[in-house]
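# Understanding the architecture of this molecule
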Amino acid sequence: MIFMADAGDVERMQRIINRTRSYGIQVVEMPNWQSRGATWDRVPSYIIDHHDASTIKAGEWGSLGLIVSNNLSQFQVARCLDGVPKIAVCCAGRAGHAGLGGPLAGMPLNNANAYAYGAEKANNGLGEPYTDAANYATDGLFRACAIECGRDPAGFVYGHKEWAPLRKIDPVYSMQWRRGRVVAFQATGVEDDMDWSTRYTHRRTGYTTEFENWIGETNVAANAAAAIAARVEAKLDALAGKLSDDESVLLAAIRADAEETDVRALAEALAPLLPSDTDPTAFAEAVADALARRLAE
Ligand SMILES: [Zn+2]
């Protein structure tokens, strides 16, 4: 097994992205998705359906930053509170989402990650309703994956709770219901009541629609980068007094992603945090060069 997605994995994922977009679903491509995750060495035969147990206050994209930085699934479905169906693609290779369980269908005991894509969905799993747009995005994504993997959509989708019934409750809805929707899926778009999301956010969380928009799609990269930087803040204590602010941010991101660091991709993710006139690639390389020189002294 090669510890990086191969060309076939990337090409298949690109077809999934294209097909999902053709259904009217927005697809946000997370930096470096092409190389993240080990190569499959096979065409995935299933997708496992999850929720991320994020609180509603986590906003539109829930735990997306953690999912990317820890390579926890290939896909994240947004809450879609603005009525726009949207998903994020996190990696082309294998991801660690299923854990111990099975056997189930063609997935051998404790080895679903080698046979199944995983899709997390931003949802608290404690009764938070899914928006119509999130359900549409989920159905379309699952159908696109099945078709591009050459599989019958009817036998492609399993819930995490079906894989690991003694450990897991996600997702909380009936999997028969979800499978039926995926089989019956028509790319009609969402005929949602757009006011629904506004009423929902105001009543359930007290957040303004403006806040939900702010935390939404345009800030995905910033959210992911901020999550990466925050997670390793503690590791930098020893060096904290000796680094410039720029160096601290970039070094934190690099250390968080140490197994497969791609400075350029990280710089893209960090770009929203930088002054608007900064070229992220030049910035990243300049800081990396400066750090390398100083560490060598
Ligand atoms: Zn799960």
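Residues numbered from 1 in each chain as written. Predicted model: local features only at pLDDT ≥ 70, side-chain atom pairs only at ≥ 80, totals over all residues.

Looking only at helices and strands, the protein chain has eleven helices and six strands in total. Buried positions account for 44% of the 297 residues belonging to the protein chain. Considering only contacts within the protein chain whose residues lie at least 6 apart along the sequence, 72% involve residues at least 24 apart. (Helix = DSSP H or I, 4+ residues; strand = E, 2+ residues; numbered from the N terminus. Buried ≥ 20, exposed ≤ 12 C-beta atoms within 10 Å, placed from the backbone. Contact = placed C-beta atoms within 7 Å.)

Let's shift gears to the pairing of strand 5 (residues 116-121). When you tally the buried positions in strand 5, you get six out of six residues, the bulk of the element. Of the two faces of strand 5, the one carrying A116, G118 and E120 and the one carrying Y117, A119 and K121 are both buried. Examined bridge by bridge, strand 3 (residues 75-77) and strand 5 share three bridges and lie parallel to one another. Counterpart to F75 in the pairing with strand 5 is A119. (Pairing = 2+ DSSP bridges.)

Taken together, six strands build an open sheet; the order of strands is 1-4-3-5-2-6 and the sheet is mixed. The open sheet terminates on both sides in strands that have one partner only, identified here as strand 1 (26-29) and strand 6 (157-159). Across the sheet, the axes of successive neighbouring strands diverge by a mean angle of 25 degrees, strand direction being ignored. Relative to strand 6, strand 2 (residues 46-49) runs parallel, the two being bridged by three bridges. Counterpart to D49 in the pairing with strand 6 is G159. (Axes fitted to C-alpha atoms, helices over the stretch in contact; angles between N-to-C directions.)

For the rest of this paragraph, the subject is the environment of W61. Relative to the helices and strands, W61 is located in the loop between strand 2 and helix 2 (64-69). Counting along the chain gives 26 residues from W61 to I87, while the straight-line C-alpha distance between them is 8.8 Å.

In this section: helix 1 (residues 7-22). With 16 residues, helix 1 extends 23 Å from end C-alpha to end C-alpha; this agrees with the ideal 22 Å at 1.5 Å per step. Where helix 1 is concerned, the buried positions are D9, R12, M13, I16, I17 and T20. Taken down its axis, helix 1 places every buried residue within 145 degrees of arc, on the same side. Facing away from the buried side of helix 1, by more than 90 degrees, are the exposed residues A7, N18 and S22. Buried residues belonging to helix 1 abut strand 1, strand 4 (86-89) and helix 3 (132-148). Count one or two residues on from helix 1 and you reach G24, which has phi positive near 85 degrees. (Expected span 1.5 Å × (residues − 1). Arc of directions from axis to C-beta.)

Here we take up the environment of A105. Checked against the element boundaries, A105 lands in the loop between strand 4 and strand 5. Considering only alpha carbons, one finds A105 and W163, 58 residues apart in sequence, at a separation of 9.4 Å. Once you skip the residues sitting within four places of it in the chain, A105 turns out to touch Y46 and Y158.

We now examine helix 3. Its 17 residues give helix 3 an end-to-end C-alpha distance of 24 Å, which sits within 8% of 24 Å, the value for a rise of 1.5 Å per residue. The element helix 3 is extensively covered by neighbouring structure, given that 15 of its 17 residues are classed as buried. In the segment just after helix 3, G150 is the residue with positive phi, at about 70 degrees.

Here the residue pair G102 and P103 is connected by a cis peptide bond, since its omega of 0 degrees sits within 30 degrees of zero. With respect to the helices and strands, the residue P103 is situated in the loop between strand 4 and strand 5. At N32, a position not held by glycine, the phi torsion is positive, near 75 degrees. Within the element layout of this structure, N32 appears in the loop between strand 1 and strand 2.

Turning next to the packing of helix 1 against helix 3. In the contact formed by helix 1 and helix 3, the axes pass within 9 Å of each other and the chain directions differ by 135 degrees. Judged on the interaxial angle alone, helix 3 and helix 1 are oblique. At the point where helix 1 passes helix 3, the crossing takes the right-handed sense. Only G140, L141, A144, C145, I147 and E148 of helix 3 make contact with helix 1, whose side of the interface consists of R12, R15, I16, R19 and T20. Taken together, the residues that form the contact of helix 1 with helix 3 break down as five nonpolar, two polar and four charged. (Parallel < 35°, antiparallel > 145°, perpendicular 65-115°, else oblique. Left-handed = near helix turned anticlockwise from the far one by under 90°. Nonpolar A, V, L, I, M, F, W, Y, C, P; charged D, E, K, R; others polar.)

Further remarks concern the environment of K57. For K57, the position within the fold is in the loop between strand 2 and helix 2. Considering only alpha carbons, one finds K57 and N124, 67 residues apart in sequence, at a separation of 9.8 Å.

For the protein chain, the average pLDDT comes to 79, and 64% of its residues sit at 70 or higher. Contacts of residues 192-238 to residues separated by more than four positions or lying in other chains number 75 contacts, the stretch itself having pLDDT below 50. (pLDDT = per-residue confidence, 0-100.)

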